[in-house]
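Residue-level structural notes
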Amino acid sequence: MVCKGRSLANLECGNLSSEYNHSAELIQIQSALREKLVFFTTKLLSCDFNTDMARSFAPFYARNILETSATALLGRIDSFRLIITYKVQNDVSYSVGARSNIAINWSKDIFTDEAPPQRGLWHFENKMTDFNRALLSKYQGEIIWKPAFLQLADYIMMHPCQSAWLAEMLDDDENQFFERNRSNAQRLFSSFSKGVHSESLVDVRYLYDEITLRTLSLDLLKWCCTQGLLSHFSPYVLCSYSRKFALTQFVQAERMIVSALQ
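Predicted model, so just to flag it, every value in this text is computed and none were measured.

Re the pattern of salt bridges
One pass over the structure, following the stated rule, counts 14 salt bridges. Its salt-bridge partner being Arg119, residue Asp130 comes within 3.4 Å of it at the nearest N-O pair. Of this pair, Asp130 sits in the loop between helix H5 (106-110) and helix H6 (138-158) while Arg119 sits in the loop between H5 and H6, and the two are eleven residues apart along the sequence. On the accessibility criterion, Arg119 (41% relative accessible area) is partly exposed. In this structure, Glu168 and Lys222 form a salt bridge, with 3.2 Å as the shortest nitrogen-oxygen distance. Of this pair, Glu168 sits in helix H7 (residues 164-169) while Lys222 sits in helix H10 (residues 210-231), placing them 54 residues apart in sequence. Glu168 gets classed as partly exposed once you look at its relative accessible area, which sits at 38%. One connected set of salt bridges, linked through shared partners, spans Lys138, Glu179 and Arg182.

Brief notes about the nonpolar core
In terms of nonpolar packing, the biggest core is built from 71 residues, with Leu44, Leu135, Trp145, Leu220, Leu221 and Ile257 touching the most fellow members. Residue contributions to this core peak at eleven residues, all from helix H3 (residues 52-77). The contact partners of Leu44, leaving out residues within four places of it in the chain, are Phe49, Ala58, Tyr61, Ala62, Ile65, Ser217, Leu220 and Leu221.

Here we look at helix H11 (residues 243-261)
With 19 residues, H11 should cover 27 Å at 1.5 Å per step; its first-to-last C-alpha distance of 27 Å lies within 8% of that length. Every buried residue belonging to H11 is among Ala246, Leu247, Gln249, Phe250, Val251, Ala253, Glu254, Ile257 and Leu261, and all of these are buried. Tucked inside the fold, the buried residues of H11 contact helix H1 (6-13), helix H2 (24-45), H6, H7 and H10.

Reading the values: rules and limits
Residues numbered from 1 in each chain as written. Predicted model: local features only at pLDDT ≥ 70, side-chain atom pairs only at ≥ 80, totals over all residues. Heavy atoms only, no water. Salt bridge = Lys/Arg side-chain N within 4 Å of Asp/Glu carboxyl O. Helix = DSSP H or I, 4+ residues; strand = E, 2+ residues; numbered from the N terminus. Buried < 20%, exposed > 50% of the residue type's maximum accessible area, 1.4 Å probe, protein only. Core = buried A, V, L, I, M, F, W, Y, C linked by side-chain atoms within 4.5 Å. Contact = heavy atoms within 4.5 Å. Expected span 1.5 Å × (residues − 1).

Right under this line is the structure:
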């Protein structure tokens, strides 16, 4: 099988070279997530979306890509969160047949609808529990994603790049971009979940026709690549590549994905 997901996986999981002094546990975690991303991205991009098999399996591949990408990004921002999960899963007490209290959870660790305190994000009366650390929380937006967006915009002004995805992205300001990407993440999660769980009682062919699957898959991979690229423009994110290399990986991924899906 031809590998089609390496550049996307690099954007999400980062630079895992041994020349950097990263935690051994973090490297093992990110390496496993990278291989998972490569596998599922290759599977998704190899689908014939006009078949019943694709309608059954593409949503599963896609949701795995979304969750794995988000988890890899979370690990580079909040490595403690992933390492404690990793250590619990390696403990003799861990059971695959029991619900884990420490597992990564989409609605708590990645996306949260929890409103920030009415006093304001940085009000001195806020409690520690008010500062939500989810990947796409308002706090991560202010600390990671919005400043990274501005850094990327400044970099592109000095180093122009031929990319339709970048041009579309930079049509927004940092606030519009962050809110749109938060909404897109939740929309994609919900869209693909309907093909994974048994909540949908209608024939899957009515939910996922060829055009719908292609459009959702393109939106998904664009979201992953965009968030991954931004992660290399923040000083707070671990395992970052140089900005030049990250942008090269982004453009490669964009061309490969658009060629496969359009």
